[in-house]
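Listed below are the residues making up each chain.
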Amino acid sequence: PYYEDARPGVLPEAYEAAVKEAGIDPVSQPKIDVESMEKGQDWVITAEVTVKPEVKLGQYKDLVVEKQDREVTDADVDARIKREQEAQAELVIKEDAAAENGDTVVIDFEGFVDGEAFDGGKGENYSLELGSGSFIPGFEDQLVGHKSGESLDVNVTFPEDYQAEDLAGKEAVFKVTIHEVKAKEVPELDDEFAKDVDDEVSTLDELKEKYRKELVETKEKAADDAKDEAAIRMAVENAEIVELPHVMVHDEVHRSMDEFLNNMQRQGISPEMYYQLTGSTEEDLHKQFEGEAEMRTRTNLVIEAIAAAENLQATEEEINAEIQELSETYNMPIEQIKRVLTEDMLEHDVTMKKAIELITGTATEAKE
């Protein structure tokens, strides 16, 4: 009949009108049930939806969060200098001296299990830093004390949890030849070192002062971010959500999974390949994101409730500034941003930001 053809067009409009009239905020797709649809009579249709839960707000302004560490010590500066010193280190060949931990050896090796060579057990002119732990446990230790030109057998046992199951727990012999032994030679910490590292300074003290300023800026930024996160977390903990809908958490999990797998895809790794490489399943990934998704859903609901309680609204000027910021962040033309995001979405983002600023801007750190 003609009225059945009309259903797809009529139902969305009727549903939207009913949602408006009921004053509810659905967070799931409606489950439509047609109770009666007779010609010449009013149609009776029911729609079952999950609605946004009630949020009972606690304190969210003037919160006092734990004191953040903002101090930069001499040890922090020295550690930064040491990292730079290590980066400038050179490998120098030891002619007739035994290899020590920290030295790099250039080796040929071939591994055997029960007298048989195995796949992936062979390498030539391989550079290995002794003590780095990059080879099977026990392998590197047995090269300590040997010189270039020597050949030796290295006996090891593969770990029980070794990724190649056919080798896990097996005893193996590696026939190794050492071609070169190189020692790491680090530069002296003096003014020359400072100038080599940074041509804007002329002394080691100037380099240390420059690093101190950079570390102070980094630590201040990290402390400010941590303070803001602590305030938002406290505002969420102070609120009570009557019943968190499973569908909202489920949607958030799938948003996170899609984003993660899309990032993998950009690196040339398909979902199937990712699951194979990690020995995991879609269900494992789902579980991995569940905890974060629940916290994010709670946080979003509380921030939305704060925006409503404070009657925060986005001005046209603020929406335009948001569009401009998104355009610069994602390097997209303003018109494209407007096509991708509706006015409602932009308005929602701005009011959420204003609510976050209200929480974080009024929060202070404890004195001790």
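Right above here is the structure, for reference.
Residues numbered from 1 in each chain as written. Predicted model: local features only at pLDDT ≥ 70, side-chain atom pairs only at ≥ 80, totals over all residues. Heavy atoms only, no water.

Draft legend 1. Structural view of the nonpolar core. In this structure, Leu285 and Ile359 are the most contacted members of the largest nonpolar core, which totals 31 residues. Sorting elements by how many residues they give to this core places helix H7 (residues 282–309) first, with 8 residues. Ignoring sequence-local partners within four residues, the contact set of Leu285 consists of Met257, Phe260, Leu261, Tyr274 and Tyr275. Judged by nonpolar contacts, the second largest core, of 22 residues, contains Phe118, Phe139, Ala172 and Val176. (Core = buried A, V, L, I, M, F, W, Y, C linked by side-chain atoms within 4.5 Å. Buried < 20%, exposed > 50% of the residue type's maximum accessible area, 1.4 Å probe, protein only. Helix = DSSP H or I, 4+ residues; strand = E, 2+ residues; numbered from the N terminus. Contact = heavy atoms within 4.5 Å.)

Draft legend 2. Here's a closer look at the packing of aromatic side chains. Counted under the stated rule, the structure contains 13 aromatic pairs. Ring centres of Phe109 and Tyr126 lie 5.8 Å apart, and the angle between their planes is 85 degrees; this geometry places the pair in the edge-to-face category. With Phe109 in strand S6 (residues 104–113) and Tyr126 in strand S7 (residues 116–129), this pair connects stretches of sequence that are 17 residues apart. Residue Phe109 is classed as buried on the basis of its relative accessible area of 9%. We classify Tyr126 as partly exposed; its relative accessible area is 35%. Between the aromatic rings of Phe260 and Tyr274, the centroid separation amounts to 5.2 Å while the plane-to-plane angle is 75 degrees, which identifies the pairing as edge-to-face. Of this pair, Phe260 sits in helix H5 (residues 246–266) while Tyr274 sits in helix H6 (residues 271–278), placing them 14 residues apart in sequence. (Phe/Tyr/Trp six-rings, centres within 6.5 Å; stacked < 30°, edge-to-face > 60°.)

Draft legend 3. Representation of the packing of helix H2 (residues 74–87) against helix H4 (residues 204–238). At their nearest, the axes of H2 and H4 sit 9 Å apart, and the two run at 110 degrees to each other. Taken together, H2 and H4 sit at an angle that is classed as roughly perpendicular. Considering how the two elements wind past one another, H2 and H4 form a crossing that is right-handed. Side by side, H2 and H4 meet where Asp74, Asp76, Val77, Asp78, Arg80, Ile81 and Glu84 of the first sit next to Leu204, Leu207, Lys208, Tyr211, Arg212, Glu214, Leu215 and Lys219 of the second. Its residues assigned to classes, the contact of H2 with H4 comprises 6 nonpolar, no polar and 9 charged. (Axes fitted to C-alpha atoms, helices over the stretch in contact; angles between N-to-C directions. Parallel < 35°, antiparallel > 145°, perpendicular 65-115°, else oblique. Left-handed = near helix turned anticlockwise from the far one by under 90°. Nonpolar A, V, L, I, M, F, W, Y, C, P; charged D, E, K, R; others polar.)

Draft legend 4. Looking closely at helix H8 (residues 316–330). Between its first and last C-alpha, H8 extends 21 Å over 15 residues, near the 21 Å set by a 1.5 Å rise per residue. Among the residues of H8, those classed as buried are Ile319, Glu322, Ile323, Leu326 and Ser327. Down the axis of H8, the sector holding all buried residues measures 135 degrees, keeping them to one side. Of the residues in H8, the exposed ones pointing more than 90 degrees away from the buried face are Glu317, Glu328 and Thr329. Buried residues belonging to H8 abut helix H9 (334–340) and helix H10 (343–362). Downstream of H8 by one or two residues, Asn331 has phi in the positive range, about 55 degrees. (Expected span 1.5 Å × (residues − 1). Arc of directions from axis to C-beta.)

Draft legend 5. Quick peek at a negative patch on the surface. A cluster of acidic residues, Glu188, Asp190, Asp191, Asp196, Asp205, Glu206 and Glu209, forms a negative patch at the surface. Breaking the negative patch down by element, the ones donating at least two residues are helix H3 (191–197) and H4. Considering every element that reaches the negative patch, the biggest residue donor is H4, with 3 residues. Note that Glu209 resides in helix H4. For Glu209, a relative accessible area of 41% corresponds to the partly exposed category. (Patch = residues over 30% accessible without salt bridge, like charges linked within 9 Å, V, L, I, M, F, W, Y side chains within 5 Å. Areas by Shrake-Rupley, 256 points an atom, 1.4 Å probe, with all protein chains shown as cover. Salt bridge = Lys/Arg side-chain N within 4 Å of Asp/Glu carboxyl O. Lys, Arg positive; Asp, Glu negative; His and termini not counted. Charge placed at Lys NZ, Arg CZ, Asp CG, Glu CD.)

Draft legend 6. Seen up close, the pattern of salt bridges. Under the defined criterion, the tally for this structure stands at 28 salt bridges. A salt bridge links Arg70 to Asp224, with the nearest nitrogen and oxygen atoms 2.9 Å apart. Remark: Asp224 occurs in helix H4 and Arg70 occurs in the loop between strand S4 (64–65) and H2; sequence separation between them is 154 residues. Residue Glu86 is joined to Lys184 by a salt bridge in which the shortest nitrogen-to-oxygen separation is 3.3 Å. Of this pair, Glu86 sits in helix H2 while Lys184 sits in strand S9 (residues 171–185), and the two are 98 residues apart along the sequence. Overlapping salt bridges bring together Arg70, Glu220, Asp224 and Glu365 as one network.

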